[in-house]
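# Examining the three-dimensional arrangement
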Amino acid sequence: MTGVPASATGGTAPRPAPGGKLGAAAVNQASLWNIANILTMVRLVLVPGFVLLLLADGGYDPVWRAWAWAAFAVAMITDVFDGHLARTYNLVTDFGKIADPIADKAIMGSALICLSWLGELPWWVTAVILGRELGITLLRFWVIRYGVIPASRGGKLKTLAQGTAVGMYVLALTGALATFRFWVMAVAVVLTVVTGLDYVRQAVVLRRRGRAAERAAAGQAPGTGTDATPGSEPGARGVDG
């Protein structure tokens, strides 16, 4: 490096990217509009449409209920594919991290509340499922300085059971199928409670280990110069959630 401009030495100065700042902004904007985020947005848009279809004509018309089930099924399918695509093709964005769980809870919460309002599902079932989801979300924020509670295999099985059970309740089923969906929902509720308790256990253990690491770091800091900033201990970040 001589400090002499390239033009003065006969060289060619690097040309700015076409469009300058506007070009860079376009690239950043394009990265937001990836297929994973589009599927998440589709799921968000489906929520009000699903509610209208489920409650159409008083909420008991089998045809409208079938259309509502189709909308719910599409939402559940996009939930599977958007996360897989984001992880496989490195399409994870801040928007996706925020919008994806919101879309999940919006479609499931609206289905449960509408079904309970129609008298198809006891309100206590809706309260248990939604209370668990809200509680685990708050729990994750409570321990986020110490690390991220990863999604467990039981949690994924719970999501599958909930989606299957709610989908069966959205359809106007009768007879043996109506009895069968009751047991599917019972399994979903049990998994909801069991996995919720397991997440609580994980959160307590994670917080206890994090606080112990903080105390150890604080004790070493005066003599070793160890940074005792909360959340700086190994493993506080980078855990796949």
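Here the structure is a predicted model, which means the values were calculated and not measured.

## Focus: the overall build of the chain
For the chain, the count of helices and strands is seven helices and zero strands. In the chain, the succession of α and β elements from N to C terminus is α-α-α-α-α-α-α. Buried positions account for 34% of the 241 residues belonging to the chain. Accessible area of the chain: about 14700 Å², with a carbon and sulfur share of 69%.

## Quick word on unusual backbone geometry
Non-glycine residue Asp57 carries a positive phi angle of around 55°. Judged by relative accessible area, which is 58%, Asp57 ranks as exposed. The phi dihedral of Asn90 falls on the positive side, at around 55°, and the residue is not glycine. Relative to the helices and strands, Asn90 is located in the loop between helix 3 (62–88) and helix 4 (94–117).

## Things to note about helix 6 (residues 153–170)
Because each turn of an α-helix spans 3.6 residues, side chains separated by three or four positions end up pointing in the same direction. With 18 residues, helix 6 should reach 26 Å at 1.5 Å per residue; the first-to-last C-alpha distance of 26 Å fits that figure. Listed in full, the buried residues belonging to helix 6 are Gly155, Lys158, Ala161, Gln162, Gly163, Ala165, Val166, Gly167, Met168, Tyr169 and Val170.

## Looking at the pattern of salt bridges
Under the criterion given, the structure shown has 10 salt bridges. A salt bridge links Arg43 to Asp100, with the nearest nitrogen and oxygen atoms 2.6 Å apart. Note that Arg43 is positioned in helix 2 (residues 35–55) and Asp100 in helix 4, a separation of 57 residues in sequence. Linking Glu214 and Arg145 is a salt bridge whose minimum nitrogen-to-oxygen distance equals 2.6 Å. Taken together, the residues Glu214 in helix 7 (residues 176–224) and Arg145 in the loop between helix 5 (123–142) and helix 6 connect sequence positions 69 residues apart. A residue is classified by how much of its surface remains accessible, and Arg145, at 39% relative accessible area, is partly exposed. Linked through salt bridges whose partners overlap, the residues forming this network are Arg43, Asp79, Asp82, Asp100 and Asp104.

## Quick word on the environment of Trp69
Position of Trp69 among the secondary structure elements: in helix 3. A relative accessible area of 37% places Trp69 in the partly exposed class. Apart from residues lying up to four places away in sequence, Trp69 is in contact with Gly167, Val170 and Leu171.

## Details of the confidence of the model for the chain
The predicted model of the chain has a mean per-residue pLDDT of 81, with 78% of residues at 70 or higher. Every residue in residues 1–30 scores below 50 in pLDDT, and together they form five contacts with partners more than four places removed in sequence or on other chains. Taken together, the stretch residues 224–241 has pLDDT below 50 and engages in 31 contacts with residues farther than four places along the chain or on a different chain.

## Concerning helix 5
Taking 1.5 Å of rise per residue, the 20 residues of helix 5 would be expected to cover 28 Å, and the 28 Å separating its terminal C-alpha atoms lies within 8% of that figure. Val125, Thr126, Ile129, Arg132, Glu133, Ile136 and Leu139 are the residues of helix 5 that are buried.

About the thresholds
- Residue positions are given per chain, counted from 1 along the sequence in the order it is written.
- At least 70 in pLDDT is required for a residue's local features to be given in this predicted model, at least 80 for side-chain atom pairs to be given and counted, and no such filter applies to totals for whole chains, interfaces and linings, which use all residues.
- Computation of side-chain values covers all heavy atoms of the structure but excludes hydrogens and water.
- Secondary structure follows DSSP: runs of H or I at least 4 residues long count as helices, runs of E at least 2 residues long count as strands, and numbering of each begins at the N terminus.
- Relative accessibility decides the category of a residue: with a 1.4 Å probe and only protein chains considered, values under 20% of the type maximum give buried, values over 50% give exposed, and everything between is partly exposed.
- Accessible surface area values rest on a Shrake-Rupley calculation with a 1.4 Å probe, where residue burial reflects the displayed protein chains alone.
- What a helix should span is 1.5 Å times the count of its residues minus one.
- Here, a salt bridge means any Lys or Arg side-chain nitrogen found within 4 Å of an Asp or Glu carboxyl oxygen.
- Note on contacts: a residue pair qualifies if any of its non-hydrogen atoms lie within 4.5 Å across the two residues.
- Looking at any residue, its pLDDT shows the predictor's confidence there, from 0 to 100.

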